[in-house]
Amino acid sequence: PLNLRHYEKIAAKFAAAPGEKYGEMKLAINRKFEPCDYFASDVWVRVIIDLAIVQNDSAIVVDWKTGKVKDDPTQMALNAAVLARWMPEIGLFKTLYVWLQSNNLTPKNYTVSKFTAVWNDLLPRVAKIEEARKTTTFPAKQGPLCGWCPVKSCPHYVERSRE
């Protein structure tokens, strides 16, 4: 699109990279860590990978970011861990945040042996979310989106100008 044409140079580099390319990959797994349909009744985790480039037994997993650079590899670790369940022949996952505003890259590599640690990090967080859903107890937490939240009873509610 015209409003994104200034990103053409960086997109062309990825288009020219060798390997099979998959865009907007919607992947899901169930609680048994088995691949399943994105909207399956037993779906447990869903991810959308902006771009994956598969080259023999390795994959480059790309996520385009338009905001400020943040040092948090969680999304890419999860993307790679789920992709590993769908493509077990891959042994190396080269993840890459592409920060479009600042023209920066944040790379991090994962081998299949690292995914146990990824899941061990994520599962306690998942357990907290599942418990909150089960008990309908959602503690108020201040965050950058408070100005857009409609819950006026929250102690962190911020009235926002609706110009």
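None of the values given here were measured: they were computed from a predicted structure.

Trainee: Would you mind going over the side chain of Asp63 in detail, with residue names and values included?
Mentor: Note that Asp63 resides in strand 4 (residues 58-65). Accessibility expressed as a relative area gives 3% for Asp63, which makes it buried. A polar contact is formed between the side chain of Asp63 and the side chain of Lys65, at a distance of 3.0 Å. Dropping the residues within four chain positions of it, Asp63 is found in contact with Asp50, Gln75, Met76, Leu96, Tyr97 and Val98.

Trainee: I'd like a rundown of helix 3 (residues 115-135), residues and numbers included.
Mentor: Taking 1.5 Å as the rise per residue, helix 3 with 21 residues should run 30 Å; its terminal C-alpha atoms sit 30 Å apart, in good agreement. All of the buried residues in helix 3 are Phe115, Val118, Trp119, Leu122 and Ala132. On its buried side, helix 3 packs onto strand 1 (20-30), strand 3 (43-55), helix 2 (74-86), strand 5 (92-99) and strand 6 (104-111). Within two residues after helix 3, Thr136 carries a phi angle of roughly 50 degrees, on the positive side.

Trainee: Which residues make up the sheet that holds strand 1, and what are the values?
Mentor: Taken together, six strands build an open sheet; the order of strands is 2-1-3-4-5-6 and the sheet is mixed. The strands lining the two open edges of the sheet, one partner per strand, are strand 2 (35-36) and strand 6. Pairing geometry for strand 4 and strand 5, over eight bridges, is parallel. Within strand 5, the residue paired with Val61 across the bridge is Thr95. Each of strand 1, strand 3, strand 4 and strand 5 touches helix 1 (residues 8-16); the most contacted strand, strand 5, lies at about 165 degrees to it.

Trainee: Help me get a handle on the pairing of strand 3, residues and values and all.
Mentor: One ladder, built from 10 bridges, connects strand 1 with strand 3; its direction is antiparallel. What sits directly across from Asn30, in strand 3, is Val43. As paired strands, strand 3 and strand 4 are joined by five bridges and run antiparallel to one another. Pairing of Leu51 across the sheet is with Val62, part of strand 4. In this structure, the hairpin formed by strand 3 and strand 4 is closed by a connection of two residues, where Asn56 is found at a positive phi of approximately 60 degrees.

Trainee: Report on the side chain of Asn30, specifying residues and quantitative values.
Mentor: By the element assignment, Asn30 lies in strand 1. Given the relative accessible area of 6%, Asn30 is considered buried. Contacts of Asn30, omitting those with residues within four sequence positions, involve Cys36, Asp42 and Trp44.

Trainee: Could you give an account of the packing of aromatic side chains, with specific residues and numbers?
Mentor: Scanning the model with the defined rule gives eight aromatic pairs in all. Each ring, one from Tyr38 and one from Phe39, has its centre 5.0 Å from the other, and the planes form 85 degrees; the classification is edge-to-face. For Tyr38, a relative accessible area of 16% corresponds to the buried category. What links up through ring pairs into an aromatic cluster is the set Phe33, Trp44 and Trp119. For the cation-ring pair, Arg46 lies above Tyr38, with the distance from its terminal atom to the ring centre recorded as 5.4 Å.

Thresholds, definitions, all that
- Residues numbered from 1 in each chain as written.
- Predicted model: local features only at pLDDT ≥ 70, side-chain atom pairs only at ≥ 80, totals over all residues.
- Heavy atoms only, no water.
- Helix = DSSP H or I, 4+ residues; strand = E, 2+ residues; numbered from the N terminus.
- Buried < 20%, exposed > 50% of the residue type's maximum accessible area, 1.4 Å probe, protein only.
- Polar contact = N/O pair within 3.5 Å; in protein donor to acceptor, adjacent residues only side chain to side chain.
- Contact = heavy atoms within 4.5 Å.
- Expected span 1.5 Å × (residues − 1).
- Pairing = 2+ DSSP bridges.
- Axes fitted to C-alpha atoms, helices over the stretch in contact; angles between N-to-C directions.
- Phe/Tyr/Trp six-rings, centres within 6.5 Å; stacked < 30°, edge-to-face > 60°.
- Lys NZ or Arg CZ within 6 Å of the ring centre and 35° of its normal.

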